[in-house]
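One letter stands for each residue in the lines below.
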Amino acid sequence: MKTFLVTGGCGFIGSHLCEALLAGGHSVRVLDDLSSGKRENLPPGAGLIEGNVGDPATVREALAGVAGCFHLAAIASVERGVREWLATHLTNLGGTVTLFDAIAMVGTPIPVVYASSAAVYGEPAALPLAEDAEKRPLSAYGADKYGSELHAAVATHVHRIPTVGLRFFNVYGPRQDPHSPYSGVVSIFAERLARRLPVTIYGDGGQTRDFVFVADVVRALTAAMKRLPPGAPVFNVCTGVGVSVRELAERIGVVCGVAPEIRHGPARDGEIRHSVGDPEHGRRALGLGMPVPIGEGLARLLAASRLTA
Ligand SMILES: NC(=O)c1ccc[n+]([C@@H]2O[C@H](COP(=O)([O-])OP(=O)(O)OC[C@H]3O[C@@H](n4cnc5c(N)ncnc54)[C@H](O)[C@@H]3O)[C@@H](O)[C@H]2O)c1
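Residues numbered from 1 in each chain as written. Predicted model: local features only at pLDDT ≥ 70, side-chain atom pairs only at ≥ 80, totals over all residues. Heavy atoms only, no water.

### Here we look at the sheet that holds strand β11 (residues 234-237)
The parallel open sheet is built from seven strands, whose spatial order is β3-β2-β1-β4-β5-β6-β11. If you trace the sheet from one side to the other, it starts and ends with β3 (47-50) and β11, each paired once. Adjacent strand axes in the sheet meet at a mean angle of 20°, parallel and antiparallel pairs treated alike. Most of the contacts of helix α1 (residues 12-23) go to strand β1 (residues 3-7), to which it runs at about 170°, and overall it touches β1, β2 (27-32), β4 (68-71) and β6 (163-168). Together, β4, β5 (112-117) and β6 form the strand contacts of helix α5 (residues 94-106), whose direction differs from that of β4 by roughly 170°. (Pairing = 2+ DSSP bridges. Helix = DSSP H or I, 4+ residues; strand = E, 2+ residues; numbered from the N terminus. Axes fitted to C-alpha atoms, helices over the stretch in contact; angles between N-to-C directions. Contact = heavy atoms within 4.5 Å.)

Okay, structure coming up:
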């Protein structure tokens, strides 16, 4: 049994990770400022330090005695990065550097598995996106995630801190908050279609995304910590299957037993048209099985959220 620190453990992905770690017999300490996460997301048995991942003293306290750190704390919103550039930067890159610096100061090479994002790629030149595709982030959020990867390489090569970065694509699953203005499209559509309400598609709905179920993300996180492949690697966490936003609405409608009423809004400025990742490199390096297919993931989401008809 080991003790792990999970930054951002009160959030959507973090709370699922905490559950899995506890189920594996480990002890879990969470550092979270509860800015978007909720205390009630935490499973019983996980300890909470309420604080800012950008605060060195708090981070040092949180690291005491841990065998590894999963770093998920972030302001996980491209839109907030536009409006609150500096504030999001201080958390999204500043928090990451604070964590690495605190570990370097402690002098024990505590391994870190951290959340990066498909946003590092920007507009893809070719699909599917492999890890070595050009990184041209089009948002402050994506730039800070890419910056986190660069600092992780420094942490590993200069300070001997083992790091593994995981570029999550569009994650969905239970506990993703449909009421936040920054929510993912899956949680919003699921909540509305289950209540027989119309859904709005911005643009023609032909834009595609690689939707990955949260259980697959948790498997990738725990496998990365277990294997810790050397050399500060970064892997995609995705399915390799692109699903259009229109098809997504139809698929959720099928699970809810409703024909979706679709309204169209104006296409969003700067929205990337297609985003699909290549999962093979990460799958091999981390020893992962096949991802949960979208139909099954949606059924599990709706059943867990008690949103089915
Ligand atoms: N959900 C996705 O589709 C997706 C895709 C790519 C990457 N990611 C990344 O995965 C990670 C988890 O995302 P999520 O979807 O669970 O988001 P989330 O908002 O549910 O979780 C983030 C957590 O971090 C906490 N937090 C924010 N700022 C903090 C700070 N300064 N100090 C301490 N805690 C802070 C929040 O309270 C929240 O609990 C993030 O790093 C995000 O950027 C998510």
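### Notes on the pairing of β5
With six of six residues buried, β5 is to be regarded as a mostly interior element. Residue alternation in β5 divides its side chains into two sets, Val112, Tyr114 and Ser116 and Val113, Ala115 and Ser117, and both sets are buried. Of the pairings in the sheet, the one linking β4 to β5 comprises three bridges and is parallel in character. Among the inter-strand pairings, His71 is bridged to a residue of β5, identified as Tyr114. In the sheet, β5 pairs with β6 via six bridges, with the strands oriented parallel. (Buried < 20%, exposed > 50% of the residue type's maximum accessible area, 1.4 Å probe, protein only.)

### Brief notes about the packing of aromatic side chains
Each aromatic ring pair is characterised by the separation of its centres together with the angle its planes make. Summed over the entire model, instances satisfying the criterion amount to four aromatic pairs. Between Tyr121 and Phe169 the ring centres are 6.3 Å apart and the planes differ by 40°, which places this aromatic pair in the tilted class. With Tyr121 in the loop between β5 and α6 (140-159) and Phe169 in the loop between β6 and β7 (170-172), this pair connects stretches of sequence that are 48 residues apart. Classification of Tyr121 by relative accessible area gives buried; the value is 1%. Given the relative accessible area of 6%, Phe169 is considered buried. A cation sits over an aromatic face here: Arg268 above Tyr202, 4.1 Å from the ring centre. (Phe/Tyr/Trp six-rings, centres within 6.5 Å; stacked < 30°, edge-to-face > 60°. Lys NZ or Arg CZ within 6 Å of the ring centre and 35° of its normal.)

### Some thoughts on the site of the ligand
As a structural note, the neighbourhood of the ligand is formed by 28 residues, with Phe12, Asp32, Ser36, Tyr141 and Lys145 the closest of them. For the ligand, an oxygen atom lies 3.1 Å from a polar atom in the backbone of Ser35. In isolation the ligand exposes 830 Å². Once the protein is present, 91% of that is buried. Mapped onto the shell around the ligand, the elements with two or more residues apiece are α1, β5, α6 and β7. With three residues, the single largest contributor to the shell around the ligand is β5. Its residues assigned to classes, the shell around the ligand comprises 14 nonpolar, eleven polar and three charged. (Near = heavy atom within 4 Å. Polar contact = N/O pair within 3.5 Å; in protein donor to acceptor, adjacent residues only side chain to side chain. Areas by Shrake-Rupley, 256 points an atom, 1.4 Å probe, with all protein chains shown as cover. Nonpolar A, V, L, I, M, F, W, Y, C, P; charged D, E, K, R; others polar.)

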